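Here is how the chains run, residue by residue.
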Amino acid sequence: VQLQASGGGLVQAGGSLRLSCAVSASIYAFNDMGWYRQTPGNEREWVGAHTSGRGTIYADSAKGRFTISIDETKNMIYLHMTRLKPEDTAVYYCHADSLTSLGRLEYWGKGTQVTVSS
């Protein structure tokens, strides 16, 4: 399984950006699908996820500004970010996991850089 994130770039504070993640397998094969982000020297931070049983959930930093959506027909995950702040600057990674007889398997995309200028 491969995940390929795209759509990052440079945006001014207050602007919007949509990240896309192409998944090489059917969306239905996964349990949770979502996004993380990471800044240099810090651990990867969970942004939010479309879950199999709890709907779509978000970190406090993303609530009200970010929206995660799934397109089952195209096997795509999206992260629509609005009212961006300089502190949203990070490398964003799409993530998916599945529950199998071997346990929980995780899949990561390579990341896409988002830079928000003040």
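Quick caveat, the model's predicted, so the values are computed rather than measured.

## Here's the deal with the state of the cysteines
Piece 1. Summed over the entire model, instances satisfying the criterion amount to one disulfide.
Piece 2. One disulfide in the model links C21 with C94; its S-S distance is 2.1 Å. Residues C21 and C94 share a disulfide whose torsion about the S-S bond is about 60°; that sign makes it right-handed. You can see C21 sitting in strand β3 (residues 17-23) and its partner C94 sitting in strand β9 (residues 90-100), a full 73 residues away along the chain. Both residues of the pair, C21 and C94, belong to the buried class.

## Quick word on the pairing of strand β4 (residues 32-38)
Piece 1. Most of β4 is tucked away, with six of its seven residues classed as buried.
Piece 2. As paired strands, β4 and β9 are joined by seven bridges and run antiparallel to one another. Across the sheet, residue G34 finds its bridge partner in β9, namely H95.
Piece 3. By the bridge criterion, five bridges tie β4 to strand β5 (residues 45-50) in an arrangement that is antiparallel.

## Some remarks on the sheet that holds strand β8 (residues 76-81)
Hydrogen bonds between backbone atoms are what pair the strands of a sheet, whose relative direction is either parallel or antiparallel.
Piece 1. Taking strand neighbours across the sheet as the criterion, the four strands line up as β1-β3-β8-β7 in an open arrangement whose pairing is antiparallel. Two strands bound the open sheet, and with one partner strand each, they are β1 (3-6) and β7 (66-71). Going from strand to strand, the sheet's axes swing by 15° on average, the running direction of each strand aside.
Piece 2. When β3 meets β8, the two strands line up antiparallel, connected through six bridges. Paired with L19 across the bridge in β8 is L79.

The rules behind these values
- Residues numbered from 1 in each chain as written.
- Predicted model: local features only at pLDDT ≥ 70, side-chain atom pairs only at ≥ 80, totals over all residues.
- Heavy atoms only, no water.
- Disulfide = S-S within 2.5 Å.
- Helix = DSSP H or I, 4+ residues; strand = E, 2+ residues; numbered from the N terminus.
- Buried < 20%, exposed > 50% of the residue type's maximum accessible area, 1.4 Å probe, protein only.
- Pairing = 2+ DSSP bridges.
- Axes fitted to C-alpha atoms, helices over the stretch in contact; angles between N-to-C directions.

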